[in-house]
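# Chain and residue survey
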Amino acid sequence: MALTPLIAGNWKMNGTPDFGAALATELAKNFTYKNIEISVFPPFTSLTTVKACLENSPIALGAQNIHEAAKGAHTGEISAEMVKACGCKYVILGHSERREAGETDAAVAAKTCAAMAEGLVPVVCIGEKAKMEPHQAQAILGSQLRDSLKNIAITDGDQIVIAYEPVWAIGTGLVPTTEDLEQAFDFLRVTLVKTYGEGVGGQIRLLYGGSLNAENADEILPIPHINGGLIGGASLNAESFLSIAKAASKYA
Ligand code: PGA
């Protein structure tokens, strides 16, 4: 069964609710592709406003992080239940910008567990920090995948999404070669199938992230086992984000 591509826009720490409303309204008005899914990940403070703007649209909403605890004395933190109540379907976990601030694989696993318990779909991010030989990168990806999903029971490929984002490609304009991407995604698919079996591991969507834009989408998105993208900078503009969605719809 072919997987429905997911084009996910990570807005990071950009924009007030007014900015989010304008961008979401523009996306809702112009998103017409039926064979792919798109989702936006605004800052927490814009979630309810953006949700209202997406009311009659198939565009899904996601959050950029959650705390692993269900509730309690965690000043400044936000729980899975809270973002779910704002209308989120997805949550990004273990983004490299959070890992850089100290988030470990174990913390990502705890958050993944909390998200799934609430029925959210985690978009778990992994990626090597520096450019390196494919086999070295694969060793890092393999261990991040194993430890970020430690003790998580995945019984359906729809329960989770994995985003491969080489850290050196994020926000830099640099992207891996097609050959390196082919090898990396092949490795990720084989690893998922080995771990969860063909029926589940073969159905988990794998996204590419890192300087994905309207110009390079046609080179990156057709690569086997790439089932969409996690887009930062280019997701802050409706036209460029929708151009990437259009490219994805060609390869769905
Ligand atoms: P970028 O960010 O598209 O701006 O490189 C991707 C990400 O961090 O998810």
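A brief report on the enclosed structure follows.

A few words on the packing of aromatic side chains. Two descriptors summarise a pair of aromatic rings, namely the distance from one centre to the other and the angle between the planes of the rings. Tallying each qualifying case throughout the model produces four aromatic pairs. An angle of 65° between the planes, with centres 5.6 Å apart, marks the rings of Tyr 164 and Phe 185 as edge-to-face. Linking Tyr 164 in strand β6 (residues 161-164) with Phe 185 in helix α7 (residues 178-196), this pair joins segments that are 21 residues apart in sequence. Residue Phe 185 is classed as buried on the basis of its relative accessible area, which comes to 0%.

Ordered by their spatial adjacency, eight strands build a closed barrel running β1-β2-β3-β4-β5-β6-β7-β8, and the pairing between neighbours is parallel. Each neighbouring strand pair of the sheet contributes to a mean axis angle of 25°, computed without reference to strand direction. In the sheet, strand β3 (residues 60-63) pairs with strand β4 (residues 90-93) via two bridges, with the strands oriented parallel. Note on β4: the bridge partner recorded for Gly 62 is Tyr 90. Across the face of the sheet, α7 comes into contact with β5 (121-126), β6 and β7 (205-209) while running at roughly 150° to β7.

A few words on the environment of Thr 49. On the secondary structure map, Thr 49 appears in helix α2 (residues 47-53). In this structure Thr 49 comes out as partly exposed when scored by relative accessible area, which is 28%. Residues Thr 49 and Val 175, 126 residues apart in the sequence, show an inter-C-alpha distance of 33 Å. Once you skip the residues sitting within four places of it in the chain, Thr 49 turns out to touch Pro 17 and Ala 21.

Between its first and last C-alpha, α7 extends 27 Å over 19 residues, near the 27 Å set by a 1.5 Å rise per residue. For α7, the full list of buried residues reads Leu 181, Ala 184, Phe 185, Leu 188, Arg 189, Thr 191 and Leu 192. For α7, the buried positions fall inside an angular range of 160° around the axis, keeping them on one side. Those residues of α7 that are exposed and angled more than 90 degrees off the buried face are Glu 179 and Lys 194. Contacts from the buried residues of α7 go to β5, α6 (134-148), β6, α8 (198-201), β7 and α9 (217-220). One or two residues past the end of α7 sits Gly 197, with phi positive at roughly 85°.

Rules used throughout
- Residues numbered from 1 in each chain as written.
- Predicted model: local features only at pLDDT ≥ 70, side-chain atom pairs only at ≥ 80, totals over all residues.
- Heavy atoms only, no water.
- Phe/Tyr/Trp six-rings, centres within 6.5 Å; stacked < 30°, edge-to-face > 60°.
- Helix = DSSP H or I, 4+ residues; strand = E, 2+ residues; numbered from the N terminus.
- Buried < 20%, exposed > 50% of the residue type's maximum accessible area, 1.4 Å probe, protein only.
- Pairing = 2+ DSSP bridges.
- Axes fitted to C-alpha atoms, helices over the stretch in contact; angles between N-to-C directions.
- Contact = heavy atoms within 4.5 Å.
- Expected span 1.5 Å × (residues − 1).
- Arc of directions from axis to C-beta.

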